[in-house]
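Reading the structure
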Amino acid sequence: MTITVENVLTELRKVNEYMKKLQERKKELMAILEENIERPVDKNTLNLEGAKIKWVTTAKISNTKARELTEKYPGLVNHVFSVTYKPKLSALNRIQFAKSKGKLPNDIPEEAVEEVLKYVELEERMSVSFEEGGDNE
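Residues numbered from 1 in each chain as written. Predicted model: local features only at pLDDT ≥ 70, side-chain atom pairs only at ≥ 80, totals over all residues. Heavy atoms only, no water.

Thoughts on the overall build of the protein chain
On a plain count of helices and strands, the protein chain comes out with five helices and four strands. N-terminal to C-terminal, the α/β element order of the protein chain is α-β-β-α-α-α-α-β-β. For the protein chain, the C-alpha radius of gyration of 24 Å lies well beyond 14 Å, the compact-globule estimate for 137 residues. Classification of the 137 residues of the protein chain by burial places 10% in the buried group. Long-range contacts, defined here as pairs at least 24 residues apart, represent 33% of the contacts in the protein chain between residues at least 6 apart. Carbon together with sulfur atoms contributes 53% to the accessible area of the protein chain, which is approximately 13,000 Å² in total. Here the protein chain holds 23 positive side-chain charges and 24 negative ones, and the gap between their average locations is 3 Å. (Helix = DSSP H or I, 4+ residues; strand = E, 2+ residues; numbered from the N terminus. Rg over C-alpha atoms; globule rule 2.2 N^0.38 Å. Buried < 20%, exposed > 50% of the residue type's maximum accessible area, 1.4 Å probe, protein only. Contact = heavy atoms within 4.5 Å. Areas by Shrake-Rupley, 256 points an atom, 1.4 Å probe, with all protein chains shown as cover. Lys, Arg positive; Asp, Glu negative; His and termini not counted. Charge placed at Lys NZ, Arg CZ, Asp CG, Glu CD.)

Examining the confidence of the model for the protein chain
Residues with a pLDDT of 70 or more make up 93% of the protein chain, whose mean pLDDT is 85. By mean pLDDT, the top-scoring element of the protein chain is helix α1 (residues 5-36) (94), and the lowest-scoring one is strand β4 (residues 135-136) (48). (pLDDT = per-residue confidence, 0-100.)

A look at the pairing of strand β2 (residues 51-54)
The pairing of strand β1 (residues 45-48) with β2 spans four bridges and is antiparallel. Within the sheet, the bridge partner assigned to L46 lies in β2 and is I53. Hairpin connection, β1 to β2: the antiparallel pair is bridged by two residues, and E49 has positive phi, about 55°. (Pairing = 2+ DSSP bridges.)

Topic: a nonpolar patch on the surface
A contiguous nonpolar surface patch, about 270 Å² in accessible area, is contributed by Y73, L76 and V80. For L76, the location among the structural elements is in the loop between α2 (63-72) and α3 (77-80). Judged by relative accessible area, which is 39%, L76 ranks as partly exposed. (Patch = residues over 30% accessible without salt bridge, like charges linked within 9 Å, V, L, I, M, F, W, Y side chains within 5 Å. Salt bridge = Lys/Arg side-chain N within 4 Å of Asp/Glu carboxyl O.)

Description of the pattern of salt bridges
Side-chain pairs of opposite charge can arise whenever the charged atoms involved come near each other. Per the stated rule, a full pass over the model turns up four salt bridges. Across the pair K14 and E11 runs a salt bridge, and its minimum N-O distance is 3.5 Å. Separated by three residues within a single helix, K14 and E11 lie in helix α1, roughly one turn from each other. Judged by its relative accessible area of 49%, K14 falls in the partly exposed class.

Observations concerning helix α4 (residues 89-100)
A rise of 1.5 Å per residue sets the reference length of α4, with its 12 residues, at 16 Å; its end C-alpha atoms lie 16 Å apart and thus fit the reference within 8%. One or two residues past the end of α4 sits G102, with phi positive at roughly 70°. (Expected span 1.5 Å × (residues − 1).)

Re the packing of α4 against helix α5 (residues 110-119)
Contact pair α4 / α5: the axes reach a minimum separation of 11 Å and the direction vectors enclose 135°. Our classification of the angle between α4 and α5 gives oblique. Handedness of the α4/α5 crossing: left-handed. When α4 is examined against α5, the residues L92, I95, Q96 and K99 are found in contact with a partner set consisting of E110, V113, E114, V116 and L117. When grouped by side-chain class, the residues that make up the contact of α4 with α5 number five nonpolar, one polar and three charged. (Axes fitted to C-alpha atoms, helices over the stretch in contact; angles between N-to-C directions. Parallel < 35°, antiparallel > 145°, perpendicular 65-115°, else oblique. Left-handed = near helix turned anticlockwise from the far one by under 90°. Nonpolar A, V, L, I, M, F, W, Y, C, P; charged D, E, K, R; others polar.)

Shown next as structure tokens:
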């Protein structure tokens, strides 16, 4: 078989479809497992048939509601919510442009911009998606 972009995309589409089917099957099997296994009263882990089964509790909240609550109760933020720092590329570009024109906002010192840019790493990744939806990265 000759390697062409079309052949690679065809293979990626097949892998993507197979992964979707596997994920659906995994959800089905996990639901069956949950129905048939009781959680141990005294612990969060159960070793069974060579598998380690864990019960983990997670907390979720919509971003919109979290923002509303943090604005309303700013002192609560550090105690209840974790914060992830992901640089916004559009904001970085705007700040770099403003810096190049000498028009940085008053609350952003030039050295702060330089220091942030020193540590931010840009990464470009390819992504392929098919009409049915879903990404294959």
